[in-house]
Amino acid sequence: MPNRLARETSPYLLQHAANPVDWYPWGEEAFARARAEDKPILLSVGYSSCHWCHVMAHESFEDEATARLMNDWFVNIKVDREERPDIDGVYMAALQAMTGQGGWPMTVFMTPDGRPFYTGTYFPPSDGHGRPGFPRVLEALHDAWVDEHDRVLQQAEGITDHLRAAALRTEAASADVDNDLARTAVGLFREAFDATWGGFGGAPKFPSPGNLEFLLAHAAREQDAEKDEPASVDMALLTLQRMAQGGMYDHLGGGFSRYSVDQHWLVPHFEKMLYDNAQLARVYLHAFQLTGEPFYERVVRETLDYLSREMRDPEGGFYSAQDADSERIEGKYFVWTVDEVERVLGPDAPLFCASYGVTLEGNFRDPHHPELTGRNVLTDWTAPEDIARQFDLPPEALAARLSDLRLRLFAERETRVKPGLDDKVLTSWNGLPLAAFAEAARVLDNRTYRELAEQNAAFFREQLWRDGTLLHTYKAGVAKVDGLLEDYACYALGLIELFKLTGDLRHLEWARELFESILERFHDDERGGFFETAANAEPLLIRQKSLFDSATPSGNGAVALLALWLSRYYNRKEWEQVALEVVGLVQGYLRSAPTGFGSVWQAVELLLAPHQELAIVGAAAARAPLEREAAGYFLPWLVIAPSWSGEGLPLFEGRAPTAGAAAAYLCQDMVCQLPAATPEELARQLAM
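It should be emphasised that the depicted structure is a prediction, and the values quoted were computed from it without experimental measurement.

Some details on the state of the cysteines
Summed over all chains, the structure comprises two disulfides. With its sulfur 2.3 Å from that of its partner, C50 forms a disulfide with C53. Linking C50 and C53, the disulfide has an S-S dihedral of approximately 80° and is accordingly described as right-handed. Two residues share a disulfide in this structure: C667 and C672, whose sulfurs sit 2.1 Å from each other. Judged by the sign of its S-S torsion, about 105°, the cystine formed by C667 and C672 is right-handed.

Remarks on the sheet that holds strand β1 (residues 23-25)
With mixed pairing, five strands are arranged side by side in an open sheet as β1-β3-β2-β4-β5. Looking at strand neighbours, the two that pair on one side only are β1 and β5 (116-120), the edges of this open sheet. Going from strand to strand, the sheet's axes swing by 25° on average, the running direction of each strand aside. As paired strands, strand β2 (residues 41-46) and strand β3 (residues 75-80) are joined by six bridges and run parallel to one another. Bridge pairing in β3 places L43 opposite I77.

Section: helix α9 (residues 209-222)
The end-to-end C-alpha distance of α9, which contains 14 residues, comes to 20 Å, matching closely the 20 Å that a straight helix rising 1.5 Å per residue would cover. A large share of α9 lies buried, amounting to 14 of its 14 residues. Positive backbone phi, approximately 50°, marks Q223, located one or two places after α9.

Regarding unusual backbone geometry
A cis amide bond, omega -10°, links A203 with the succeeding residue P204. Position of P204 among the secondary structure elements: in the loop between α8 (179-192) and α9. Note the cis peptide between E229 and P230, where omega equals -5°. Residue placement: P230 occurs in the loop between α9 and α10 (232-245). Here the phi dihedral of E327 falls at roughly 55°; this positive angle occurs in a residue that is not glycine. With respect to the helices, strands and loops of the structure, E327 is situated in the loop between β10 (325-326) and β11 (329-330). We note that D445 has phi near 55°; this positive angle belongs to a residue other than glycine. Residue placement: D445 occurs in the loop between α17 (427-444) and α18 (447-463). Judged by relative accessible area, which is 53%, D445 ranks as exposed.

A short note on α10
Taking 1.5 Å per residue as the helical rise, α10 with its 14 residues ought to reach 20 Å, and the 20 Å between its terminal C-alpha atoms agrees with that figure. For α10, the buried fraction is high: 10 of the 14 residues fall into the buried class. Those residues of α10 that fall on the buried side of the exposure criterion are S232, M235, A236, L237, L238, T239, L240, M243, A244 and Q245. The elements touched by buried residues of α10 are α8, α9, α11 (274-291) and α12 (294-310).

Quick word on the nonpolar core
Formed by 143 residues in total, the largest nonpolar core has its most connected members in Y284 and Y569. Among the elements that make up this core, the one with the highest residue count is helix α19 (residues 485-502) (12 residues). Beyond its immediate sequence surroundings of up to four residues, Y284 is in contact with L240, M243, A244, F256, Y296, V299 and V300. By size, the runner-up hydrophobic cluster in this structure holds 29 residues, among which are Y47, C50, F109 and F117.

Description of the packing of helix α22 (residues 573-590) against helix α23 (residues 598-608)
At a minimum axis distance of 10 Å, the contact between α22 and α23 shows a crossing angle of 130°. On the basis of their axis angle, the class for α22 and α23 is oblique. Crossing hand, α22 versus α23: left-handed. The segment α22 lies against α23, with E576, L580, V582, V583, V586 and L590 engaging V600, W601, V604 and L607. Among the residues forming the contact of α22 with α23, the class breakdown is nine nonpolar, no polar and one charged.

So, the sheet that holds strand β18 (residues 639-643)
Pairing within the open sheet is mixed, and its four strands lie in the order β18-β17-β19-β20. Edge positions in the sheet fall to β18 and β20 (671-672), since each has one partner strand and no second. Packed on one face of the sheet, helix α24 (residues 620-631) meets β17 (612-617), β18 and β19 (663-668) and runs near 155° to β17.

Side note on the environment of L216
With respect to the helices and strands, L216 occurs in helix α9. Taking the relative accessible area as the measure of exposure, L216 reaches 0% and is therefore buried. Not counting chain neighbours up to four residues away, the residues in contact with L216 comprise V233, A236, L237, V283, H286, A287, L290 and F634.

Calculation rules
Residues numbered from 1 in each chain as written. Predicted model: local features only at pLDDT ≥ 70, side-chain atom pairs only at ≥ 80, totals over all residues. Heavy atoms only, no water. Disulfide = S-S within 2.5 Å. Pairing = 2+ DSSP bridges. Helix = DSSP H or I, 4+ residues; strand = E, 2+ residues; numbered from the N terminus. Axes fitted to C-alpha atoms, helices over the stretch in contact; angles between N-to-C directions. Expected span 1.5 Å × (residues − 1). Buried < 20%, exposed > 50% of the residue type's maximum accessible area, 1.4 Å probe, protein only. Contact = heavy atoms within 4.5 Å. Core = buried A, V, L, I, M, F, W, Y, C linked by side-chain atoms within 4.5 Å. Parallel < 35°, antiparallel > 145°, perpendicular 65-115°, else oblique. Left-handed = near helix turned anticlockwise from the far one by under 90°. Nonpolar A, V, L, I, M, F, W, Y, C, P; charged D, E, K, R; others polar.

Structural data, given as structure tokens:
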């Protein structure tokens, strides 16, 4: 018989609806039972594309004997960390404080009022590999609750006091933003840079798009001023090249896996996340603007095409993730043996195998399935000229042949059992593809990308915007969970990119409305910065602030970027102070943990960059050549404002279009050049 999770919409919770565990979703019903029966709570937090979450579910939560122990001794709550990142953040802080590590699945034992007293991550079904078996953990904690009740409560109180004190430790100070700060950051990145394989540090390697955006923005602003090697642009471009050549990139279907388990971007953790692909598409787009290299453009198109093909809800939102596993085997959908390639490609197999690193011995080993040998993650390390020479093919013919072979293998892969799909739609994560599709539509002049971006905004306004409140998650016609800071900030940033593309002032006005809600509902008036949850949100153990970037921008970092863009569109200097407040809040961390603050470093670059605005007025058809010219430049600080009428923003004052014509007004630090009527004249001004 299904448990209570059967009434939920989260794909992760629904995966556990048939467990023999008497699961509750997070809510008062579970806490009331725990209080009434004086039972501790077992909180299990995970997400649908988490490999080890699936392993623990199969080993423990599907096991009748283990479930019986859980049901007899605990009130069991299951949480989807993506649906409730506020809950996850609170108890992840407890896990890290108690164990010095984090990760999922997260297992937390807590009192009936939510105070944690024991935490962990994955527990195996029996003792092994330095970890106690889960049944033994359950028994020990039950015995402690019964026999050492007061000690357990004291421990829970001590942990809670520690978490509350830590939450109050950070306070905004005066921000010291200058060129030396940004250059120091680049120097710190340089110290951690892998000059052979790109990226920063050793294995595992994460893509960290926020840091790459900072390095590209710094390179654009400093231009030839950097003296040390490698320059910021070289670090970013080498990383982008290596990632897209390695196994973390899907060479058949486009898009990136979550991270590389090794230093060489070879073997990925195969889950594919919306947020990674949306952010990386923009970084590669900016690399294309900066260099003009077709390689970067191809990655952008393939990644966005992957998102539109496999990750888009018919209503207009984008799904959250694709699983790492299929048929309970990690990576099975994505890897190939020589025999499999030969069966599909026949005599063309040697060409494909040489080009994409497919060998008889294989490059992928799964310790849980040692019987599966000779499997290969596809890579693109070999230089095309070497392959062309080996197979006596002209370069153009080689490219065409390989394109055809990839299509044939992709078609074969489509017949396999696909990884699981987490088809909930999250607002904050959707702000990232909204920005990516809108900017790519503008830069690449792509009508389909524009339509997808506009449909996304229409969907969110219709389904997740209720009486001035943004909601966090949508699935199967149900929108719920009041929006978090990341929802308001990230979605508003996407709307700004949509305004740059369309000139439709409604998008910018909605972004402004979201920002003003942030100021009203999330600001910490005493210590500065912004809380993760609104003032009227469900009270949790602590009210946290999102300061460090994870795989997505931190809430405070996103607010800083949003404040800067809107301050320049609406000429509101006080909003620039919001960004300075955020920088001041984290300034003590910037030098000690620079790679954790890519979004704030981007805000620093915007603060240091010239105040440059480009207003393009006139009918859409007349504006198009000027907009296309502007789109070819990587100027990450440029405020772009297209308009039919020349009304609605301070940037448009006195700039009404003339009949049938368009004009571009480029201004910097309150000094405007003469209006440009042709792309050639605008190009001259932008290049100055």
